[in-house]
Amino acid sequence: MPYLNGEPFVKRQPPSDLSIDEELFFLPTTLEVFRDYDDYFERTILVNSLTWTCSVCNRGPSTYKEALACERGDYRQLNAFDNALASALLYIIGGARKRRLPELVELICGFASSRFFVGEEIEFQTADSNVRSLGIIDRVVVSQRKSQFEHSGLSMDPNVQKPAFPDALKLHYCVREHKKSDNVNRIASSVLVPGSIINRRSRNVLARDHIKFFIRHTCELRNGVFTPKVLVVPIIFIDAVFRFLYNHYCRLTVPDQFVTINR
């Protein structure tokens, strides 16, 4: 709901004693009804005055209709980030403790663009199929196979700090495949696939402009660092966050051949 003079706007409730055949003044902009013409006229003037701001991005001043359209556009763009992806991004932002927005955007682009998270809806295409399949990331698995450098027997530089997270090339994903039959999505068996054959359904969701938009609308500067707002971490994110943490710290061996995993 747009803000009026910086405060949340509260719509007028219909009178509790309305009769079925009573004539009223209806304002389609706010979907309110009025018995008194003066009240109706006053509200009409108000909704067309430049006293409104978007409650999502605080853009304004504007009319009520413009602020409402701005809100809907912002919510539509935020909905491109599904719960699983939004949970992961909020976790990364909270742990990054970055003070500058460009640095935080680059960190997220570099990390999330090459990784996928538990619960994400994705597309993938196996070598024996020419059709892209839909699926949901069920588990993240980290390969324990040694790299070519490690197989050579050479010792690594002890001064080189090991990364906090495994390399993206070592990550494989247990995907619950969705197969469409008679225009109905059906969950098939799970399959273990590398990240190289996976794509997000929205290809540009992690574009820099979109990430910057996500940060500005879901985070705030607290003690000089970007921190997720309390109000944008609803209960629906909590389960995905814990699954994300668990699956990124577990270490399981990946077989040389990708196999179908029976649930």
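- The name recorded for the protein in an unreviewed UniProt entry is WAC domain-containing protein, from Schistosoma curassoni.
- Of the protein, the UniProt comment under Subcellular location (unreviewed entry) reads exactly: "Nucleus".

**Let's talk about the overall build of the protein**
Then, in step 1: Scanning the protein from terminus to terminus reveals seven helices and 13 strands.
Then, in step 2: The 263 residues of the protein split such that 35% are buried.
Then, in step 3: Restricting the contact set of the protein to residue pairs at least 6 apart, pairs at least 24 apart contribute 59%.
Then, in step 4: Surface accessibility of the protein: about 16600 Å² in total, with carbon and sulfur atoms responsible for 52%.

**Brief notes about the confidence of the model for the protein**
Then, in step 1: Mean pLDDT over the protein: 75, with 74% of residues reaching 70 or higher.
Then, in step 2: Confidence, read as mean pLDDT per element, is least for strand S13 (residues 260-261) in the protein (34) and greatest for helix H1 (residues 37-47) (93).
Then, in step 3: Scored below 50 in pLDDT, residues 147-157 makes six contacts in the model with residues more than four places away or belonging to other chains.

**Examining the sheet that holds strand S2 (residues 7-8)**
The strands that make up a sheet are held in pairs by hydrogen bonds between backbone atoms, and each pair lies either parallel or antiparallel.
Then, in step 1: With antiparallel pairing, the three strands of this open sheet are ordered in space as S2-S1-S5. Whereas interior strands pair on both sides, the edge strands pair on one side only; in this sheet they are S2 and strand S5 (52-53).
Then, in step 2: Pairing between strand S1 (residues 3-4) and S5: two bridges, direction antiparallel. Within S5, the residue paired with Leu4 across the bridge is Trp52.

**Some details on the environment of Leu90**
Then, in step 1: Within the secondary structure, Leu90 is located in helix H3 (residues 83-96).
Then, in step 2: Residue class for Leu90 comes out buried when judged on its relative accessible area of 7%.

**Looking at the packing of helix H4 (residues 101-112) against helix H6 (residues 208-218)**
Then, in step 1: Interhelical geometry of H4 versus H6 gives an angle of 120 degrees and a closest axis separation of 10 Å. With respect to their mutual orientation, H4 and H6 come out oblique. Remark: the crossing between H4 and H6 carries right-handed chirality. On the side of H4, the interface is formed by Leu101, Leu104, Val105, Glu106, Ile108 and Cys109, while H6 contributes Arg208, Ile211, Lys212, Ile215 and Arg216.

**A short note on unusual backbone geometry**
Then, in step 1: One non-glycine residue, Leu31, lies in the positive phi region at around 60 degrees.
Then, in step 2: Among the structural elements, Leu31 can be located in the loop between strand S3 (25-27) and strand S4 (32-34).
Then, in step 3: On the basis of relative accessibility, which here comes to 60%, the residue Leu31 falls in the exposed class.
Then, in step 4: For Asn223, which is not a glycine, the phi torsion comes out positive at approximately 55 degrees.

**Quick word on the pairing of strand S11 (residues 219-222)**
Then, in step 1: Here S11 pairs with strand S12 (residues 225-228) via four bridges, running antiparallel. For Arg222, the partnering residue across the bridge sits in S12 and is Val225.
Then, in step 2: Linkage of S11 to S12, two consecutive antiparallel strands, is achieved through a turn of two residues, within which Asn223 is found at a positive phi near 55 degrees.

**Notes on the packing of aromatic side chains**
Then, in step 1: Enumeration over the complete set of coordinates arrives at ten aromatic pairs.
Then, in step 2: Plain terms: the ring middles of Tyr37 and Phe41 are 6.2 Å apart, the flat faces sit at 25 degrees to each other, and that makes the pair stacked. Taken together, the positions of Tyr37 and Phe41, both in helix H1 and four residues apart, correspond to about one turn of that helix.
Then, in step 3: Between Trp52 and Tyr64, the ring centres sit 5.0 Å apart and the planes meet at 80 degrees, which makes this aromatic pair edge-to-face. Of this pair, Trp52 sits in strand S5 while Tyr64 sits in helix H2 (residues 64-78), and the two are twelve residues apart along the sequence.
Then, in step 4: Its relative accessible area of 1% is what places Tyr64 among the buried residues.
Then, in step 5: Here Arg115 stacks its cationic end above the ring of Phe111, 4.2 Å away from the centre of that ring.

Calculation criteria
- Residues numbered from 1 in each chain as written.
- Predicted model: local features only at pLDDT ≥ 70, side-chain atom pairs only at ≥ 80, totals over all residues.
- Heavy atoms only, no water.
- UniProt positions renumbered as here; feature names shortened; annotations may be inferred.
- Helix = DSSP H or I, 4+ residues; strand = E, 2+ residues; numbered from the N terminus.
- Buried < 20%, exposed > 50% of the residue type's maximum accessible area, 1.4 Å probe, protein only.
- Contact = heavy atoms within 4.5 Å.
- Areas by Shrake-Rupley, 256 points an atom, 1.4 Å probe, with all protein chains shown as cover.
- pLDDT = per-residue confidence, 0-100.
- Pairing = 2+ DSSP bridges.
- Axes fitted to C-alpha atoms, helices over the stretch in contact; angles between N-to-C directions.
- Parallel < 35°, antiparallel > 145°, perpendicular 65-115°, else oblique.
- Left-handed = near helix turned anticlockwise from the far one by under 90°.
- Phe/Tyr/Trp six-rings, centres within 6.5 Å; stacked < 30°, edge-to-face > 60°.
- Lys NZ or Arg CZ within 6 Å of the ring centre and 35° of its normal.

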